[in-house]
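The chain contents come next:
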Amino acid sequence: MLPLLWPATLETAQMVGWSALFTALLGLPLGVALVVFDRDGLRPVPALKSALGFVVNIGRSLPFIVLMIAIIPFTRLVVGTTIGTAAFVVPLTAGAVPFFARLVETALREVGADVVQAAQAMGASRTTIVRKVLLPEALPGLVAGLTVTVVALIGYSAMAGTLGGGGLGDLAVRYGYQRFETLLMIVTVVLLIVIVQLLQSLGDWVARRLSHK
């Protein structure tokens, strides 16, 4: 089994790793914008906040397998192909960004209003408040949100395997389901569970270390 499991695990790690990176780079500023442009935010622009929220809600409402199929033309435009590990980074990122943006928004809203008001009273600019007050104070929640997102990406990557994305999901379908190799299916499931448990435990540990409580 090892010659099959090892390459599939690496493919899953590549898909999840790159997708998590792009999700953090895109989802973090989007989540910040949802808070900053809110009616009670640092730079109130309710119309823009509503537009961004509408787009995020659309992304969150689509089942991932539907999203993968719907953006096939965009995936081909960006990557040049619609199969393989690299190609499925696009739909994985597209599916995870709205999810992570909402988690970022929730974490930032948990920062006490008195902390923000104190920074404003000292003459801090909006950019400074975001960079040196909101984000540092919300860091434990952001780490916890990113951990949840990475775990979700692992599940998404398994679904991507059913459409040619490779990884452990593809291995489970081709060998465990189509060839009735039950033992390989069980080993794949156990491996996915172990990976999720390790990542969740690591994320929880980092979040606790960053917490002020």
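The shown structure was predicted, so the numbers you read here are calculated from the model rather than taken from an experiment.

## Points about the pattern of salt bridges
At step 1: On inspection of all chains with the given rule, the structure shows 4 salt bridges.
At step 2: When the shortest N-O distance is used, the salt bridge between R109 and D38 registers 2.9 Å. Residue R109 is found in helix α5 (residues 89–109), and its partner D38 is found in the loop between α1 (2–36) and α2 (46–61); the two are separated by 71 residues along the sequence.
At step 3: Classification of R109 as partly exposed rests on a relative accessible area of 41%.
At step 4: One continuous salt-bridge network, built from bridges that share partners, spans D38, R102, E105 and R109.

## So, the packing of aromatic side chains
At step 1: One pass over the structure, following the stated rule, counts 2 aromatic pairs.
At step 2: Taking the centre distance of 6.0 Å and the plane angle of 25° together, the rings of W18 and F22 count as stacked. In this pair, W18 and F22 both sit in helix α1, 4 residues apart, roughly one turn of the helix.
At step 3: F22 gets classed as partly exposed once you look at its relative accessible area, which sits at 34%.
At step 4: On the numbers, 4.6 Å between centres and 10° between planes, the contact of F64 with Y156 is stacked. Of the two residues, F64 is situated in helix α3 (residues 64–70) and Y156 in helix α8 (residues 139–160); the sequence distance between them amounts to 92 residues.

## Description of the UniProt feature "transmembrane region" (unreviewed entry) in the chain
At step 1: When the UniProt feature table is mapped onto this chain numbering, "transmembrane region" (unreviewed entry) sits at residues 15–38, 50–72, 78–101, 141–163 and 183–207.
At step 2: In this annotation, residues 50–72 is assigned 87% helix and 0% strand; the end-to-end C-alpha distance for the span is 28 Å.
At step 3: Note that residues 183–207 is 100% helix and 0% strand, and that its end C-alpha atoms are spaced 36 Å apart.

## Focus on the nonpolar core
At step 1: Core analysis: the biggest nonpolar cluster contains 23 residues, and F88, L153, L168 and L171 have the highest contact counts within it.
At step 2: Breaking this core down by element, the ones donating at least two residues are α1, α3, α5, α8, α9 (167–177) and α10 (182–210).
At step 3: The element best represented in this core is α1, accounting for 5 residues.
At step 4: Beyond its immediate chain neighbours, meaning those up to four positions away, L153 contacts V16, S19, A20, T23, L92 and A96.
At step 5: Ranked by size, the runner-up nonpolar core spans 17 residues in total, among them F100, V111, V133 and A138.

## Overview of the environment of G176
At step 1: Within the secondary structure, G176 sits in helix α9.
At step 2: Sequence separation between G176 and A33 is 143 residues; the distance between their C-alpha atoms is 44 Å.
At step 3: In contact with G176, not counting residues within four places along its chain, are L171, E181 and M185.

## Some points on the UniProt feature "domain: ABC transmembrane type-1" (unreviewed entry) in the chain
At step 1: UniProt annotation of "domain: ABC transmembrane type-1" (unreviewed entry) refers to residues 9–200 when read in the numbering used here.
At step 2: Here residues 9–200 runs as 80% helix and 0% strand, with 18 Å between its end C-alpha atoms.

## Observations concerning the packing of α1 against α8
At step 1: At a closest axis distance of 9 Å, the pairing of α1 and α8 adopts a crossing angle of 135°. When the axes of α1 and α8 are compared, the pair comes out oblique. In this structure, the crossing between α1 and α8 has a hand that is right-handed. Contact residues: α1 offers T12, M15, V16, S19, A20, T23, A24 and L28, while α8 offers L142, L146, T149, V150, L153, I154 and S157.
At step 2: When grouped by side-chain class, the residues that make up the contact of α1 with α8 number 10 nonpolar, 5 polar and no charged.

About the criteria used
Residues numbered from 1 in each chain as written. Predicted model: local features only at pLDDT ≥ 70, side-chain atom pairs only at ≥ 80, totals over all residues. Heavy atoms only, no water. Salt bridge = Lys/Arg side-chain N within 4 Å of Asp/Glu carboxyl O. Helix = DSSP H or I, 4+ residues; strand = E, 2+ residues; numbered from the N terminus. Buried < 20%, exposed > 50% of the residue type's maximum accessible area, 1.4 Å probe, protein only. Phe/Tyr/Trp six-rings, centres within 6.5 Å; stacked < 30°, edge-to-face > 60°. UniProt positions renumbered as here; feature names shortened; annotations may be inferred. Core = buried A, V, L, I, M, F, W, Y, C linked by side-chain atoms within 4.5 Å. Contact = heavy atoms within 4.5 Å. Axes fitted to C-alpha atoms, helices over the stretch in contact; angles between N-to-C directions. Parallel < 35°, antiparallel > 145°, perpendicular 65-115°, else oblique. Left-handed = near helix turned anticlockwise from the far one by under 90°. Nonpolar A, V, L, I, M, F, W, Y, C, P; charged D, E, K, R; others polar.

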